[in-house]
Amino acid sequence: MLKLRQIRRLKLAKIGHNVRFCSTNAQRHIRNIGILAHIDAGKTTTTERMLFYAGKTRALGEVHHGNTVTDFLQQERERGITICSSAVSFNWKEHRINLLDTPGHIDFTMEVEQSLSAVDGTVVILDASAGVEAQTTTVWGQTERHALPRLVFVNKMDRGDADFVACLNDLRKKLGANPVALQYPIHDKSGFTGMIDLVQQKQLTFDKTNQGRSYRIQPVESKYEDILKKHRNELIDALSGVDDALAEVIIANDSLESVELQIVLEAIRRSCIERKIIPVLLGSAYKNTGVQPLLDAVLNYLPAPFERNKIYDCFGNDFVGKVFKVMHDKQRGPLSLVRVHRGVLKKNSRVTTSKGGAEQITRIYDPLADEYVETNQIGEGDIGVCSGLKHTVTGDILVSSMSSLKSAQKRLMESLKKETPNPDDEQDEDVEILKSALSLEPKIPDAVYFCSIEPPSQAYQQSLDTALKQIQREDPSLRVHYDENTAQTVLGGMGELHLDIIKSRLLTEYKIEADLGPLQIAYKETINAPMRETVVLAKEIAGTKQNVTIELTVQNIKESKHPEIFRLDTSKEAAEALSAVRPRILKLVRKGALAALSRGPRLGCPVIDAQIILHAITTGRGTADSFIMAAAGQCVHKILQNSDSGLLEPIMELQIIAPQERISVILGDLGRRRAIINDVRPKGEQNKVIEALAPLSELTGYSSTIRTISSGTASLILTPHSYASMTLQDETRAIQKAQGLL
């Protein structure tokens, strides 16, 4: 069954052309791209140069000056980092480019995930002196999940320790990519001066007197001809290995050197869109070098909207779009960034969400970060900003009507059945595929920290609740819930910085001076040994007798051959009894049992890696659904209370870059924090990189500690890695600390 599902999912991308009605001409001149990178690799600086050279801005913004277009939040300008994804649109050589500048910090990885659902290709930026870093690996994995074509821009080539070849090797070794260099750097005594374009076989030199607006394209100097020949042949050879059309031309000509430019360009484009290669370019955005060729590469090699998202072809000419981000503006209210997949979204039109809610589009704007220029419509394949969507949230599908959605689903189902005929008993499988295809929701990562939040006085409680609701609508990775046991509002976040930013935004944007309680670790709980239990509940409610007898086993899923969290006992005796139970009853038992896993016996944390097995259930006539669910939940709770359970603590992956003379002090400090050192390797001439795993409970405030013990010379990246079991001593200490006893 799993294999069949995978086959169908692959074929979903191919069947859309059977039901395609609309023209693709307008979309040929649109590119929707995302800029991704590790912290400080130069995403925002590169975006600023793109806007400047495209004529969208009149002056170059700088991150350290706090005057960039895309980093418009006060917190972004104060800290010099990107917190929220922002969209900008500009024209380049008769094309419209919609660009999403994304955060590089792991605490805001949800912003990246939202943006990737709206783009057709990405530009991944590397620091030429650092290569592939921790967050680079994270965002690369996100592009893999979305099957997005990628370009790589090796930035900061002006630095003395820049190493273009090492970056190519990093892409191969650390990311398993197939990088193909389209340019090669030129250095002289003064440093980085330009590049050789291996595709056009020209030399590019940028003018430093006019902020890089102009650059010279000239024949390659004789002293660089050997470099050109060597790397050009490597480029053609690499392309011929993945593109059959180019390979045929080379075989016919019996030469790597006589291939026409247009044939090479087409081979690069095909191979990039099919994700067989990663075209690599280089430059220095801060030094205004290499950005215009990067923009040309976006047009030449990344796909137009009609070349992707074939699943939406089943809508024909009917409108369908996706909300990939929600923002709040003081004057305009909630603003929704919408990617139009098919049809046209017009001002004052009415739309319906895939959940059935009706919405009115009051105004439409061209995206330019926090500046809004009103327009009348968003065309097919384009991105725009809409006001008036009061109830729509991130991930919602917008359609012209519910009948349009049902017709599209019917067309897609018919195409799917023609492609892969299947028996009637597999209809549920098809419905699941269709649901996931047309109603994709972003995967929200688990919080690693949580804390209580209190308003400055009770008079601010309603304002605080409204503000948190608005911020959560913008940022789904923020978890907000009310804890009945403590009568407090609790926030869950991706890290210390994440929660600190939330507090800062409440003050600056909503004028609420909220108090955050001490940070608590988001532990998980698990069951170590299987336990079987029977619960009998009998009660009279409103004159009706309620009777349920249920028998369940809860065990660690790692000990089971079956991957399901909830399953039925397959033994002969149990199977015969359960076959007579109505499916509705089984669904109620499943719902109640799984709900009980949300709160474990140790600290009230979610229980993971648990599997529930239903052996038997009998219900009296007229027993209410809620009573059946309650019985299942009580049975699971009873098992968890009496079983051998334990806490799991979050483990973080650390990457520390520090001068060699500070390494021994840092390693000694990590040893006291229960860290496991995976690697210590040189980086450049004077620095070293430490890669380690350590419990999150030992790392609270560690960014300040590492600055202190290294005299401000070390940099730290923390990334969630996994959950691990704890010793009895550490578990006891964690429970006492969570209960305020330490």
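The preceding data block contains the structure.
Here we summarise the structure given alongside this text. Everything numeric here is computed off the predicted structure, so don't read it as measured data.

So, how was this worked out
The numbering scheme is per chain: residues are counted from 1 as the chain's sequence reads. Local features in this predicted model are restricted to residues whose pLDDT is 70 or higher, and side-chain atom pairs enter the listing and the counts only when it is 80 or higher, whereas totals over whole chains, interfaces and linings include all residues. Side-chain figures throughout are based on the complete set of non-hydrogen atoms in the structure, without hydrogens or water. A pair of strands is considered paired only if DSSP assigns at least 2 bridges between the two. Secondary structure elements follow DSSP: runs of H or I no shorter than four residues count as helices, runs of E no shorter than two count as strands, and numbering proceeds from the N terminus. Between the N-to-C directions of two axes lies an angle of 0 to 180 degrees, each axis being a line fitted to C-alpha atoms and, for a helix, fitted only over the stretch in contact. Each residue is assigned to one of three classes by its accessible area relative to the maximum for its type, calculated with a 1.4 Å probe on protein chains only: buried under 20%, partly exposed between the two thresholds, exposed over 50%. The definition of a polar contact used here is a pair of N or O atoms within 3.5 Å, where within protein one atom must be able to donate a hydrogen and the other to accept one, and adjacent residues in sequence count solely through side-chain atom pairs. Between the first and last residue of a helix there are one fewer steps than residues, each counted as 1.5 Å, and that sum is the expected span. What counts as a salt bridge is simple: a side-chain nitrogen of Lys or Arg found within 4 Å of a carboxyl oxygen of Asp or Glu.

### Quick look at the sheet that holds strand β10 (residues 215-218)
The strands that make up a sheet are held in pairs by hydrogen bonds between backbone atoms, and each pair lies either parallel or antiparallel.
Now for step 1: Spatial strand order, β7-β8-β9-β10: 4 strands in an open sheet with antiparallel pairing. Of all the strands in the sheet, just β7 (183-188) and β10 have a single pairing partner and so form its edges. Averaged over all pairs of adjacent strands, the angle between strand axes in this sheet comes to 30°, irrespective of strand direction.
Now for step 2: As judged from the 6 bridges shared by β7 and strand β8 (residues 191-197), these two strands associate in the antiparallel manner. Considered in β8, the bridge of Asp188 is made with Gly191.

### Some details on the side chain of Glu113
Now for step 1: Summarising the element assignment, Glu113 is placed in helix α4 (residues 109-116).
Now for step 2: For Glu113, a relative accessible area of 10% corresponds to the buried category.
Now for step 3: At 3.1 Å, the side chain of Glu113 forms a polar contact with the side chain of Arg145.

### Some details on helix α13 (residues 461-474)
Now for step 1: Spanning 14 residues, α13 covers 20 Å between terminal C-alpha atoms, matching the ideal 20 Å at 1.5 Å per step.
Now for step 2: For α13, the complete set of buried residues consists of Gln461, Leu464, Ala467, Leu468, Ile471, Arg473 and Glu474.

### Quick word on the pattern of salt bridges
It is possible for side chains bearing opposite charge to pair when their charged atoms get close.
Now for step 1: Scanning the entire structure with this criterion turns up 32 salt bridges.
Now for step 2: A salt bridge links Lys156 to Asp127, with the nearest nitrogen and oxygen atoms 3.7 Å apart. In this pair, Lys156 sits in the loop between β5 (150-155) and α6 (164-175) while Asp127 sits in strand β4 (residues 121-127), placing the two residues 29 residues apart along the sequence.
Now for step 3: Of the charged contacts, one joins Lys638 and Glu533 as a salt bridge, the two residues approaching to 3.7 Å between their closest N and O atoms.

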